[in-house]
Number of protein chains: 2
Amino acid sequence: MLALTILGSNSAIAAFGRNPTSQLLQTNEDFLLIDCGEGTQMQMSKFKVKKSKINHIFISHLHGDHYFGLVGLISSMALQNRSNDLHLYAPPPLKDIIDLQLKVADATLPFNLLFHGLGEDGVIADLPTLTVSSFKVCHRIDCWGFKFKEKTNLRSIVPARAKAYEIPPDFYSRLQSGEDYVNAKGTIIPNDQVTVEGPHASQYAYCADTKFHKSIVECVKNSDLIYYETTYLKDRQELAESRYHSTTVDAASVAKAAKAGKLIIGHFSSKYEQLENFLTETKEIFTNTELAIEGTCFKI
Amino acid sequence: MLALTILGSNSAIAAFGRNPTSQLLQTNEDFLLIDCGEGTQMQMSKFKVKKSKINHIFISHLHGDHYFGLVGLISSMALQNRSNDLHLYAPPPLKDIIDLQLKVADATLPFNLLFHGLGEDGVIADLPTLTVSSFKVCHRIDCWGFKFKEKTNLRSIVPARAKAYEIPPDFYSRLQSGEDYVNAKGTIIPNDQVTVEGPHASQYAYCADTKFHKSIVECVKNSDLIYYETTYLKDRQELAESRYHSTTVDAASVAKAAKAGKLIIGHFSSKYEQLENFLTETKEIFTNTELAIEGTCFKI
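Because the structure is a prediction, the values reported are computed rather than measured.

**Brief notes about the overall build of chain A**
Point 1. When helices and strands are counted, chain A shows nine helices and 18 strands.
Point 2. Reported as C-alpha extents along the three principal axes, the dimensions of chain A are approximately 75 × 55 × 35 Å.
Point 3. Counting the 300 residues in chain A, one finds 45% classified as buried.
Point 4. When contacts within chain A are restricted to residue pairs at least 6 apart in sequence, those whose partners lie at least 24 apart make up 65%.

**Some thoughts on unusual backbone geometry**
Residues and elements named next belong to chain B.
Point 1. If you check the backbone angles, Lys-48 has positive phi at about 60° while not being a glycine.
Point 2. Position of Lys-48 relative to the elements: it lies in the loop between helix H1 (40-46) and strand E4 (56-58).
Point 3. Owing to 8 C-beta atoms within 10 Å, Lys-48 belongs among the exposed residues under this scheme.
Point 4. Of note in this structure, Asn-222 is not a glycine but carries a positive phi near 65°.
Point 5. Tracing the chain through its elements places Asn-222 in the loop between helix H6 (214-220) and strand E15 (225-229).

**Observations concerning the packing of helix H8 (residues 248-257) of chain A against helix H9 (residues 276-283) of chain A**
Residue and element names in this part refer to chain A.
Point 1. Running from N to C, H8 and H9 point in directions that differ by 40°, and their axes come no closer than 8 Å. Between H8 and H9, the crossing angle belongs to the class labelled oblique. Along this stretch, H8 crosses H9, giving a crossing that reads as right-handed. Where H8 approaches H9, its residues Thr-248, Val-249, Ala-251 and Ala-252 are matched on the opposing element by Phe-278, Glu-281 and Thr-282.

**Considering the interface of chain B and chain A**
Point 1. Each side of the interface is counted separately: chain B has 28 residues, and chain A has 28 residues.
Point 2. A breakdown of the residues in the side of chain B that touches chain A according to their chemical character gives 14 nonpolar, ten polar and four charged.

**Re the nonpolar core**
Point 1. Ranked by internal contacts, the top residues of the largest apolar core, which has 141 residues, are Ile-226 of chain A together with Ile-226 of chain B.
Point 2. Excluding anything up to four places from it in sequence, Ile-226 of chain B contacts Ala-205, Cys-207, Val-220, Ala-255, Ala-258, Ala-260 and Leu-263 of chain B.

**Observations regarding the environment of Val-194 of chain A**
Residues and elements named next belong to chain A.
Point 1. Counting through the fold element by element, Val-194 comes out in the loop between strand E12 (188-189) and strand E13 (195-196).
Point 2. Note on Val-194: 23 C-beta atoms within 10 Å, which makes it buried.
Point 3. With 44 residues separating them in the primary sequence, Val-194 and Glu-238 have C-alpha atoms 58 Å apart.
Point 4. Discounting chain neighbours no more than four positions away, the residues touching Val-194 are Ile-157, Val-158, Arg-161, Ala-162, Tyr-165, Ile-167, Leu-175 and Ile-189.

**Brief notes about helix H3 (residues 93-104) of chain A**
Point 1. For H3 of chain A, which comprises twelve residues, the first-to-last C-alpha distance of 17 Å matches the rise-based estimate of 16 Å (1.5 Å per residue) to within 8%.
Point 2. Contacts made by the buried residues of H3 of chain A are with helix H2 (70-79) and strand E5 (86-90) of chain A together with helix H3 (93-104) of chain B.
Point 3. Asp-106 of chain A sits one or two residues past H3 of chain A and shows a positive phi near 55°.

**Comments concerning the domain arrangement of chain A**
Point 1. You can read the domains of chain A as domain 1 (3-152 + 203-299) and domain 2 (156-196).
Point 2. Look at where the C-alpha atoms of domain 1 of chain A and domain 2 of chain A centre, and you get two points 42 Å apart.

**A short note on the relation of the copies chain B and chain A**
Point 1. Turning chain B through 180° and shifting it by 0.1 Å along the axis lays it on chain A, with an RMSD of 0.1 Å. Those values place the two copies in the arrangement expected of a two-fold rotation axis. Residues of chain B ranked by C-alpha distance from the rotation axis are headed by Gly-39 of chain B, positioned 2.6 Å from it.
Point 2. Mapped onto chain A, 100% of the interface residues of chain B again fall at the interface, so both copies present the same surface.

**Quick look at the sheet that holds strand E7 (residues 122-126) of chain B**
Hydrogen bonds between backbone groups are what pair the strands of a sheet, and the pairing can be parallel or antiparallel.
Residue and element names in this part refer to chain B.
Point 1. Pairing is mixed in the open sheet, where seven strands are placed in the order E7-E8-E9-E14-E15-E16-E17. Each edge of the open sheet is held by one strand with a lone partner, namely E7 and strand E17 (289-291). Strand-to-strand twist of the sheet, defined as the mean angle between neighbouring strand axes without regard to direction, takes the value 20°.
Point 2. The sheet contact formed by E15 and strand E16 (residues 262-266) spans five bridges and is parallel.

**Here's the deal with the pairing of strand E5 (residues 86-90) of chain B**
Residues and elements named next belong to chain B.
Point 1. The buried fraction of E5 amounts to four of the five residues, a majority that puts the element mostly inside the structure.
Point 2. In this structure, E4 lies alongside E5, joined through three bridges in parallel fashion. Across the sheet, Phe-58 pairs through a bridge with Tyr-89, a residue of E5.
Point 3. Regarding the hand of the β-α-β motif, the stretch spanning E4, helix H2 (residues 70-79) and E5 is right-handed.
Point 4. With five bridges joining them, E5 and strand E6 (residues 113-117) adopt parallel strand pairing. Among the inter-strand pairings, Leu-86 is bridged to a residue of E6, identified as Leu-113.
Point 5. Handedness of the crossover joining E5 and E6 through H3 is recorded here as right-handed.

**Focus: the packing of H3 of chain A against H3 of chain B**
Point 1. Closest axis-to-axis distance for the H3 of chain A/H3 of chain B pair is 10 Å, and the angle between their directions is 165°. Our classification of the angle between H3 of chain A and H3 of chain B gives roughly antiparallel. The hand of the H3 of chain A/H3 of chain B crossing is left-handed. For the pair formed by H3 of chain A and H3 of chain B, the contact residues are Pro-93, Asp-96, Ile-97, Leu-100, Gln-101 and Val-104 of chain A on the first element and Pro-93, Asp-96, Ile-97, Leu-100, Gln-101 and Val-104 of chain B on the second.

**Details of H8 of chain A**
Think of an α-helix as 3.6 residues a turn; residues three or four steps apart then line up on the same face.
Residue and element names in this part refer to chain A.
Point 1. Most of H8 sits inside the fold, with seven of its ten residues counted as buried.
Point 2. Among the residues making up H8, those that are buried are Thr-248, Val-249, Asp-250, Ala-251, Ala-252, Val-254 and Ala-255.
Point 3. Those residues of H8 that are buried lie in contact with helix H6 (214-220), strand E15 (225-229), helix H7 (237-242), strand E16 (262-266), H9 and strand E17 (289-291).
Point 4. Remark: Lys-259 follows H8 within two positions and exhibits a positive phi of approximately 55°.

**Observations concerning the sheet that holds strand E18 (residues 297-299) of chain A**
Residue and element names in this part refer to chain A.
Point 1. Within the open sheet, the seven strands sit side by side as E6-E5-E4-E3-E2-E1-E18. Their pairing is mixed. Each having just a single partner strand, strand E6 (113-117) and E18 make up the two edges of the open sheet. Averaged over all pairs of adjacent strands, the angle between their axes in this sheet comes to 20°, without regard to strand direction.

Definitions and limits used
Residues numbered from 1 in each chain as written. Chains lettered and ligands numbered in written order. Predicted model: local features only at pLDDT ≥ 70, side-chain atom pairs only at ≥ 80, totals over all residues. Helix = DSSP H or I, 4+ residues; strand = E, 2+ residues; numbered from the N terminus. Buried ≥ 20, exposed ≤ 12 C-beta atoms within 10 Å, placed from the backbone. Contact = placed C-beta atoms within 7 Å. Axes fitted to C-alpha atoms, helices over the stretch in contact; angles between N-to-C directions. Parallel < 35°, antiparallel > 145°, perpendicular 65-115°, else oblique. Left-handed = near helix turned anticlockwise from the far one by under 90°. Nonpolar A, V, L, I, M, F, W, Y, C, P; charged D, E, K, R; others polar. Core = buried A, V, L, I, M, F, W, Y, C linked by C-beta atoms within 7 Å. Expected span 1.5 Å × (residues − 1). Domains from an automatic or database assignment. Least-squares fit on C-alpha atoms with pLDDT ≥ 70 in both. Pairing = 2+ DSSP bridges. Right-handed = clockwise from strand over helix to strand, strands pointing away.

Printed below as a string of structure tokens:
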């Protein structure tokens, strides 16, 4: 199971108590931060997210509302004497920015900051519980979306049957991996006699900042959950396109064409105080839509 | 009159709802921001401070808790189509950081950002209502304090006397500047017959991050208000010095020796949730002390 917590959901300028973009994605083992706008570390405190647990950070692009909180977060981790590695997946120039800011502060990190520059589409991280891929979206500057696919190659053991065949529990992890069991008499117990197919491998697609482009549909198809930006309502379609952003109609169209399970919309323009119309307009095309309200946790 | 509003008062890591350092200093004409930690623009929204009014920003040093909110603030000003000049007084390397962050975002500012690199002690800004000086303090990296001195060279007119001498109101501004009046008959009305000394010129000294050093006393002497950091309580004097920070005793000693009118203490370590002891310890040496509680406005 994946759990996605919204830490910030507004576009460029923080407004109406809404903060710039950041999300926390967690599994049983991995804690990932997706984008890190200004104030993300304060949002993490507010929603009781432990900085120390985060081992992987993904930054979609170098507009400030997606990364101005990053060096502050890293600095706080350093002050709190973090020692475990931190992996950062981001547009290559971000490394220079971080290095320069650490240098002027005469600061050295007490942990390894492992920088992975984004480039071609494809797998960028192979984690214990997730495979992460990046894909280019269509924004004013280089910008990447991310796809997080749960690893569930493991089969589920049927305990009663495994016991009936007297399979010792220390062999169970090999059963989960699909192995047959050979007992003391040399009899082969076929794996499918004691296991069934494992749980569904959930997939989450984060589409970052982008204008509508049909190539995105292919990148995110069959995701259980898609986050797609809706900077504007549909009456601002032209403005949205000119600024390389999207509307409610764009978001809903992508979710529908991609056969998504659920759609979350966010990155609301500071023009809008009320968000009800975002939901209404999007649901007209794609029913299973929710707003990216800060503090909300979506289970996938 | 000067008005100082505290926007952030915590040290390096935001904690207990306290934000990193930032203060707003305003006169009838000038709006100045002093330091700009992460989240300052959100604090400005919270306390109804208009970004557009700020024309001068002073950054004491390049530890992140004093400037990580700056590029976000500048970016928001740009998105809100600011057109008037913005003056920035800061350690010289900050210019490279800003330029790099604007470049990777492919952003150009719609207003002039006039950068003034800090260096030798002395006057750095001559504003309509204030003279601003910088002075080096004693921190782990280059760090400057700032002294803000109100301009009140103007004399106050005594209306009844000016009327008695039939001085026309359009000459009043020249009376305020100290000129004598010559009437139609050629009679000289000496200035001091119709004016009295103007109001007291208030002075505010911001001592930034520093360990105790007696040279600071000389820099801030006779200030009506001093802000001095108290990262630690007095039982951590050694730790404070080793980290180039101060205690309650340091702050109070400077205020007392400098014959300050009032002392504000802040930059509290994240070790402390409760702040009462800061006030108690400081008041033992310097009575007129207040905590830099966020949102508080001190009139000078």
